[in-house]
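Remarks on the overall topology
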Amino acid sequence: MRMLWAAALLIPAALGILAQNEPGAVLKYPLPDALVSSDGKPVRDAQTWRKNRRPEIMRLFADQVFGETPSARPEVHFRVTSTDDHALNGLAVRKQITVYFSQQETGPRMRLLLYSPAKSRGRAPVFIGLNFFGNETVNADPEIDLPEVWIKGQKAPAQESARGGNAQQWQVEKVLSRGFALATAYCGDIEPDFAGGMEFGVRQLFLRPGRSKPADSAWGTLGAWAWGLSRAVDYLQTDPDVDAKKIALIGHSRLGKASLWSAAQDTRFSVVISNESGVGGASLYRAAAAETIEHLNTAFPHWFCVNFHQYTGHPDRVPVDGNLLLSLIAPRPLYVASAELDHSSGPPAEFLSAVEASKVYELLGKRGLGTDKQPPLNQPILTGTVAYHVRDGKHDVTAFDWDQYLAFAELQFGRQ
């Protein structure tokens, strides 16, 4: 494996920001600066950012963290398998779509669930995100198909009792009542979340002849999920009920990591929401009070590319960090959210990451967070292109979170 170093100006001032909020949650090492190139030259204008520094950061993440996403792709095609114009007691139009990842329809495929508001005037803006346990878990709707799901490495039929089991994290009726559509797919359809899952997922379609495993710089499972999200957008661009220019991408936890990487690569996501995506997402490898690279690579060795494993025990050597990942979303609207008791994600580190990414937004003529003081619990910052809140409670997606995301999307999409 190659050890890749990036000579960048580091940010000693960042060390003091976290200490104001939580004395134990300080950086162990200074951060790489989004506005200093690997050759040490400062980035002072938008053109230099777009033509030089942003592509450089993208290459670092692709080569050293998430792995390189294949540029070519198999014959992706879609089939709408069911439509109901009066779903959820007339509140929604429900469509279920199969996204085939190749011409061989027996191979990996993704089942996309799409709810659109039944009384929408024209095309509706849409929230999209992956779910953890199957489409049937996002709502108790009895007509959602019950596919097979991956449970502890085994594929098994979903049970009726699973319906709506994760509904509070999705707030489907609330989203629809505010005039938004909602699209979701099960991450395990793209690739199961366990070591060895590649055998059953989309990455197998891209292995070069004679290879049984990917190269050291090739994509991991997070990269596969990110790719799958873009294929869902491919479909949404064809759907007459959806405004494909107003797509808000939401990701929670590990799916938040994948969502940020997907949005970095695919600018069709016009609003990006990180809900407690933690280390490897919005948070920082270099934070003292957060999940470690060692834990990520030990517990989830399939998530990142092989090259990333060289940084186990050496977070100071990673040429990028969460602040640089967030900077790749600029100038599109970005919401970073934390939870007080989500210690592995490190709320102060997630906030600091958003503060540092705000510098890129400001370079591009947008307002970032506008402060380096972490707000009190349950008091969102919604005034800029970068938004943030830390709420009370644990690692989760709650009704409070959705209230803020809907308000933010309404502001960004010009809806009242």
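Scroll up to find the structure.
In this text, all values refer to a predicted model and were calculated from it rather than measured experimentally.

Below, the discussion takes up the pattern of salt bridges. Taken as a whole, this structure holds 20 salt bridges when the rule is applied. Here D84 ties to R94 by a salt bridge, and the two come within 3.5 Å at their closest N and O atoms. Here D84, found in strand β1 (residues 77-86), pairs with R94, found in strand β2 (residues 92-100); they are ten residues apart in sequence, far enough to count as distant. Judged by relative accessible area, which is 23%, D84 ranks as partly exposed.

Take the pairing of strand β10 (residues 334-339) next. Within β10, six of the six residues are buried, which leaves it mostly tucked inside the rest of the structure. Of the two faces of β10, the one holding L334, V336 and S338 and the one holding Y335, A337 and A339 are both buried throughout. Strand direction decides the pairing type here: β10 and strand β11 (residues 386-391), joined by six bridges, are parallel. Along β11, the bridge assignment pairs A337 with H389. For the handedness criterion, the β-α-β arrangement of β10, helix α10 (residues 347-363) and β11 is classed as right-handed.

Counted by the stated rule, this structure contains one cavity of 30 Å³ or more. Together, 13 residues line the largest cavity, and L130, Q169, W170, H252 and V397 are the ones closest to its centre. Only β4 (124-131) and β8 (242-252) provide two or more residues apiece to the lining of the largest cavity. Among the elements that line the lining of the largest cavity, the one with the most residues is β8, at three residues.

Bringing the packing of helix α6 (residues 221-236) against helix α7 (residues 254-265) into the picture now. Close contact between α6 and α7 brings their axes to 8 Å; oriented N to C, the two are set at 60°. One finds that α6 runs oblique with respect to α7. The handedness of the crossing between α6 and α7 comes out as right-handed. Contact residues: L222, G223, W225, A226, L229 and S230 in α6; R254, L255, K257, A258, S259, W261, S262 and Q265 in α7. Class assignment for the residues of the contact of α6 with α7 results in seven nonpolar, five polar and two charged.

The next point concerns the packing of aromatic side chains. Geometrically, a pair of aromatic rings is defined through the distance of the ring centres and the angle of the planes. Summed over the entire model, instances satisfying the criterion amount to 24 aromatic pairs. Note on F61 and W261: the rings are 6.2 Å apart at their centroids and 40° apart in plane angle, and the pair reads as tilted. Note that F61 is positioned in helix α2 (residues 46-64) and W261 in helix α7, a separation of 200 residues in sequence. A relative accessible area of 1% places W261 in the buried class. When the ring of W402 is compared with that of Y405, the centres are 6.2 Å apart and the planes differ by 70°; the resulting orientation is edge-to-face. With W402 and Y405 both in helix α11 (residues 399-413) and three residues apart, this pair spans about one turn of that helix. Taken individually, W402 and Y405 each receive the classification buried, so the pair is uniform in this respect. Taken together, F61, F66, W261, Y285, F300, W303, F304, F308 and Y311 form an aromatic cluster joined through their ring pairs. Just above the ring of W227 sits the side chain of R231; from NZ or CZ to the centre is 5.0 Å.

Looking at where S353 falls in the secondary structure, it is placed in helix α10. For S353, a relative accessible area of 0% puts it in the buried group.

The topology assignment puts P209 in the loop between α5 (187-190) and α6. Considered as a pair, P209 and F61 are 148 residues apart in the sequence and their alpha carbons are 26 Å apart.

Glancing now at the sheet that holds strand β3 (residues 109-117). Two strands in a sheet stick together by hydrogen bonds in their backbones, pointing the same way (parallel) or opposite ways (antiparallel). Across the sheet, which stays open at both edges, the nine strands sit in the order β1-β2-β3-β7-β4-β8-β9-β10-β11 with mixed pairing between neighbours. In this open sheet, the two strands that pair with only one neighbour each are β1 and β11. Sheet twist, expressed as the average angle between the axes of neighbouring strands with direction ignored, equals 15°. Two strands pair when backbone bridges link them, and β1 and β2 are joined in this way by seven bridges, in the antiparallel orientation. Among the inter-strand pairings, R79 is bridged to a residue of β2, identified as T98.

In this model, the largest pocket occupies a volume close to 560 Å³. The residue makeup of the lining of the largest pocket, split by class, is 13 nonpolar, nine polar and four charged. Its boundaries defined by the atoms lining it, the second largest pocket holds a volume of some 340 Å³. F206, R208, P214, A215 and A218 are the residues nearest the centre of the second largest pocket, which is lined by 14 residues in total. Among the residues making up the lining of the second largest pocket, the classes are represented as eight nonpolar, two polar and four charged.

We now examine unusual backbone geometry. A330 connects to P331 through a cis peptide bond whose omega is 5°. Mapped onto the elements, P331 comes out in the loop between α9 (322-327) and β10. Even without a glycine there, the phi angle at S253 is positive, about 60°. Tracing the chain through its elements places S253 in the loop between β8 and α7.

Turning our attention to α7. Every α-helix carries 3.6 residues per turn, so stepping three or four residues along brings you back to the same face. A rise of 1.5 Å per residue sets the reference length of α7, with its twelve residues, at 16 Å; its end C-alpha atoms lie 17 Å apart and thus fit the reference within 8%. In terms of residue burial, α7 counts as a mostly covered element, since ten of its twelve residues are buried. All buried positions along α7 are accounted for by L255, G256, K257, A258, S259, L260, W261, S262, A263 and A264.

The rules behind each value
- Residues numbered from 1 in each chain as written.
- Predicted model: local features only at pLDDT ≥ 70, side-chain atom pairs only at ≥ 80, totals over all residues.
- Heavy atoms only, no water.
- Salt bridge = Lys/Arg side-chain N within 4 Å of Asp/Glu carboxyl O.
- Helix = DSSP H or I, 4+ residues; strand = E, 2+ residues; numbered from the N terminus.
- Buried < 20%, exposed > 50% of the residue type's maximum accessible area, 1.4 Å probe, protein only.
- Pairing = 2+ DSSP bridges.
- Right-handed = clockwise from strand over helix to strand, strands pointing away.
- 1 Å grid on protein atoms, 1.4 Å probe; cavity = no way out; pocket = protein on both sides within 12 Å on 5 of 7 lines; lining within 4 Å.
- Points joined across faces, edges and corners; volume = space filled by probe spheres on them.
- Axes fitted to C-alpha atoms, helices over the stretch in contact; angles between N-to-C directions.
- Parallel < 35°, antiparallel > 145°, perpendicular 65-115°, else oblique.
- Left-handed = near helix turned anticlockwise from the far one by under 90°.
- Contact = heavy atoms within 4.5 Å.
- Nonpolar A, V, L, I, M, F, W, Y, C, P; charged D, E, K, R; others polar.
- Phe/Tyr/Trp six-rings, centres within 6.5 Å; stacked < 30°, edge-to-face > 60°.
- Lys NZ or Arg CZ within 6 Å of the ring centre and 35° of its normal.
- Expected span 1.5 Å × (residues − 1).

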